[in-house]
Amino acid sequence: MATSTTTELDYRPSYLAALGVSLVALVLYLVTLSPSTAMWDTSEYIAAAYTLGLPHPPGNPLFVIIGRVFSLLPIASSVAVRINILAAICSAASAGMWFLITERVLVSWFPRRWQRILGGAIAALIGATAFTVWNQSVVNEKVYTVSLVGIAIISWLMIRWSDEPDGRRADRILVLVAYILGLGYSNHMAGMLAAPAVGLAVLIVRPRTIFRWKLLLACVAMLLVGLTPFATQPIRAAYFPAINEGEPTACRTKLELSCTFSKGTADAFSYNFNRGQYGKPDLSDRQATLGEQLGLWWLYFKWQWVRDAHGDHPFAQALLAASFLVLGLFGGWVHYQRDRRSFWYFGSLMFTMTLLLIYYLNFKLGASQDPGSQAPHEVRDRDYFFLWSFSAWGVWAALGLMFVWESLASLFGTKTEKIGKETVTVPREAGWRYASPVLLLAIVPLFANWHWASRAGHRDTADFAADLLNSVEPYGVLVTVGDNDTFPLWYAQEVEGIRRDVVVANTSLLNTDWYVRQIIRRPVYEYDAAKGPSIYRNQQWTKPTASPIHMTMADADSVPAYYPLNSPMAFSAGNLRATIDPKNLDHGVLQRADLFVLRMIQDGWPARPIYFARTSGGYARSLGLGDDVLTQGLASKLFTPPATPTTSKDTMYIQGDGWLDLPRSDSLWSHVFKGPQSVINTGDWIDRPSVGIPYLYVATGMELAEAFKLRGDAKKAADVFNTAKKIATTVRLEDLVRGAEAQFQQPIAGDTARAAELPAAAPAVPPATKSAPPPKSKPKAP
């Protein structure tokens, strides 16, 4: 085996080959790129970048600036695609960095340049086609790919510094690394993941560096310069963009020096910067056992080589995961043996991005981990937090695979060669050829993950957002509860300009002061009848003249976090009468959000329509309004019901589900909604924690089909049911429709026909994860 040092060979990085590898990865990502938005944070971040706004704390200012630039570049037909291309470029560039690092490590091992280039290409391929890396590279869900390219660039710079720690560029490299670390943190806290490895490498490779105070001061200064994008936040927040989460400013009406340079702004910025609203527990307060948290990482590691979202091939998935785990561990060992200088940095980085990060993140059980357990679970799968380690794992997996290739090739005979000052033993040429099929393992993730990672043609999220907004009458208020029924609406309104007249009121965010001020401050947008659904045309819709919350911002700020109820409370608005029972409320209290929802009803209804998104489940019922809402498409409108549950021409009472506006819901389903076909066209639903969204279409379709069945319209009932069935089959929810299928295939027997059994409950729609946490125990009266 060859064991020469870097200085004994004429090593020159293959930058053109690295560029070629990056371009190939970019082509792969572009071919599988999402044409629109997606669930979870994607819509929030695309909208924030487009509006130059502030996403959830700490606000990710570097991403917002870069994303805004990309949103303006004429590189694609839509804003979403332009920002998705940003994710693709970042990951593709990272693949090029992993190529260079792998090639560099192989210099002390493989004498032939083509072998080193092959090894680098294998590293890039494995890292680029790992499921989470690929899936995050084809839609800009958040900021993780920008963090990835920062870590990859720092890694390449530190490998070069390790080669020549006393070289003429060594100090400049460290200063540049410090600057990129600062920039990385202004994108996401993960930008600092490389910092411990940088420090350890410097201490081991050139310890006297820590006594060079001028260099250290220069590094600290450049680190702070890298953090300067955060300085834009108080300024931009005072211009009150549409996405202004956290609102890190004391200014309330406009940007002024007096309020910008004030203690109020400093406190608001500090709270935002430190993510104060999340209330993350101390590391000593473990949310799951360390074994369970390691198990979560292993679950996500298994996903990388074949996602197998529905558990159809568990053995193949486990076998591939074990293979790549062993290859990576072998690669790490070989790295340590062959190139110890660069190992001190890269090995420390891998430790930080795996074991140390697992401990620091302190996750609950994963959303897909041990589903039968009663222990608390995360609301969604968090595999994206390990994207950096899965991408970099390609380096060690490639080194391990090259080690296996060389070992197998040696079985077919060896020879000695003079390399530099050393005589080494290497396999014969025939051995390399005979053993080469083992390298095909590197392409398995490319083919195994294509179906799962690709987002080509996926428009389901954008169409769902439009469908939900179009379920609301002009100038309505729509109450939502989670990420996936809120962020897509922000995207639809702010990026695509769809139904900006609708006020979206998220109950989780209503628990914060800044969000309530945002609603009060929000302009009243004109309803564009020409672009809206035809069902709302040829009618007069009165444009409101004020916010749905008739309060000053000071009054709104003074609303308490909760209001305890010791007994049922009467609530009235206009001719609406309701009773709020504390038994139906969490901890027996009205939270701040509940108070503002009730206030909006009192201030605006019935002049302004009030809707509850059907994703909110029993939220209206918890406020005593369960029998006072009328389902229209994907939302339920607050109305005054008849004294007794009777059926009219337009309104039906569906036992167990409440009132249904049949003509409106039919028109929306048949002529407005694009979501059902989009879900069917997507062909699967990989992310199970968000399956409540396609479920909503299934439940809506079955309810509508049941209504037509009760009316005696068998053909219409069958048509609607068949569409709902196709959706359920596509997203693997067949059990929801199986029991009712036979009833919609038979002739309607008249009014005495047995009603189809509607789905009892949707998969839970997780609450917004960016809000202030609710009380953990019943609070005392304020």
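Now for a look at the structure at hand. Just so we're clear, the structure is a prediction, and the values are computed from it rather than from any experiment.

Some words on the overall build of the protein chain
- Across its full length, the protein chain holds 32 helices and 13 strands.
- For 782 residues, the compact-globule formula gives about 28 Å, and the C-alpha radius of gyration of the protein chain, at 29 Å, lands near that figure.
- Seen through its principal axes, the protein chain has C-alpha atoms that stretch 100 × 70 × 50 Å.
- Looking at the protein chain residue by residue over its 782 residues, the buried ones come to 58%.
- When contacts within the protein chain are restricted to residue pairs at least 6 apart in sequence, those whose partners lie at least 24 apart make up 76%.

Side note on the packing of helix α7 (residues 144-163) against helix α16 (residues 340-361)
- At a closest axis distance of 7 Å, the pairing of α7 and α16 adopts a crossing angle of 155 degrees. Considering the angle they form, α7 stands roughly antiparallel to α16. Here α7 and α16 pass one another in a crossing that is right-handed. Here Ile151, Ile154, Ser155, Met158, Ile159, Ser162 and Asp163 of α7 come into contact with α16, specifically with Arg341, Ser342, Tyr345, Leu349 and Met353.
- Looking at the contact of α7 with α16 residue by residue, the classes come out as 7 nonpolar, 3 polar and 2 charged.

Quick notes on the pattern of salt bridges
- Enumeration over the complete set of coordinates arrives at 31 salt bridges.
- Of the charged contacts in the structure, one is a salt bridge between Glu247 and Arg252, with a shortest N-O distance of 3.3 Å.
- Taking the relative accessible area as the measure of exposure, Glu247 reaches 2% and is therefore buried.
- Across the pair Asp501 and Arg499 runs a salt bridge, and its minimum N-O distance is 2.9 Å.

Observations concerning helix α28 (residues 675-682)
- Taking burial as the measure, the 8 residues of α28 include 6 buried ones, the bulk of the element.
- Within α28, the full set of buried residues consists of Gly675, Pro676, Ser678, Val679, Ile680 and Thr682.
- Close packing links the buried residues of α28 with α21 (460-470), α27 (662-672), α29 (692-711) and α30 (714-730).

Quick word on the packing of aromatic side chains
- Enumeration according to the criterion identifies 46 aromatic pairs in this entry.
- Between the NZ or CZ atom of Arg307 and the centre of the ring of Trp303, over which it lies, the distance is 3.5 Å.
- In this structure, Arg500 is placed above the aromatic ring of Tyr525, and the distance from its NZ or CZ to the ring centre is 4.1 Å.

What to know about the state of the cysteines
- This structure, assessed with the given rule, holds 1 disulfide.
- A disulfide bridge connects Cys251 with Cys259, and the sulfur atoms are separated by 1.9 Å. An S-S torsion of about 90 degrees defines the bridge between Cys251 and Cys259 as right-handed.
- When its relative accessible area of 1% is taken as the criterion, Cys251 is described as buried.
- Judged by relative accessible area, Cys259 falls into the buried class, the value being 13%.

Quick notes on the rules
Residues numbered from 1 in each chain as written. Predicted model: local features only at pLDDT ≥ 70, side-chain atom pairs only at ≥ 80, totals over all residues. Heavy atoms only, no water. Helix = DSSP H or I, 4+ residues; strand = E, 2+ residues; numbered from the N terminus. Rg over C-alpha atoms; globule rule 2.2 N^0.38 Å. Buried < 20%, exposed > 50% of the residue type's maximum accessible area, 1.4 Å probe, protein only. Contact = heavy atoms within 4.5 Å. Axes fitted to C-alpha atoms, helices over the stretch in contact; angles between N-to-C directions. Parallel < 35°, antiparallel > 145°, perpendicular 65-115°, else oblique. Left-handed = near helix turned anticlockwise from the far one by under 90°. Nonpolar A, V, L, I, M, F, W, Y, C, P; charged D, E, K, R; others polar. Salt bridge = Lys/Arg side-chain N within 4 Å of Asp/Glu carboxyl O. Phe/Tyr/Trp six-rings, centres within 6.5 Å; stacked < 30°, edge-to-face > 60°. Lys NZ or Arg CZ within 6 Å of the ring centre and 35° of its normal. Disulfide = S-S within 2.5 Å.

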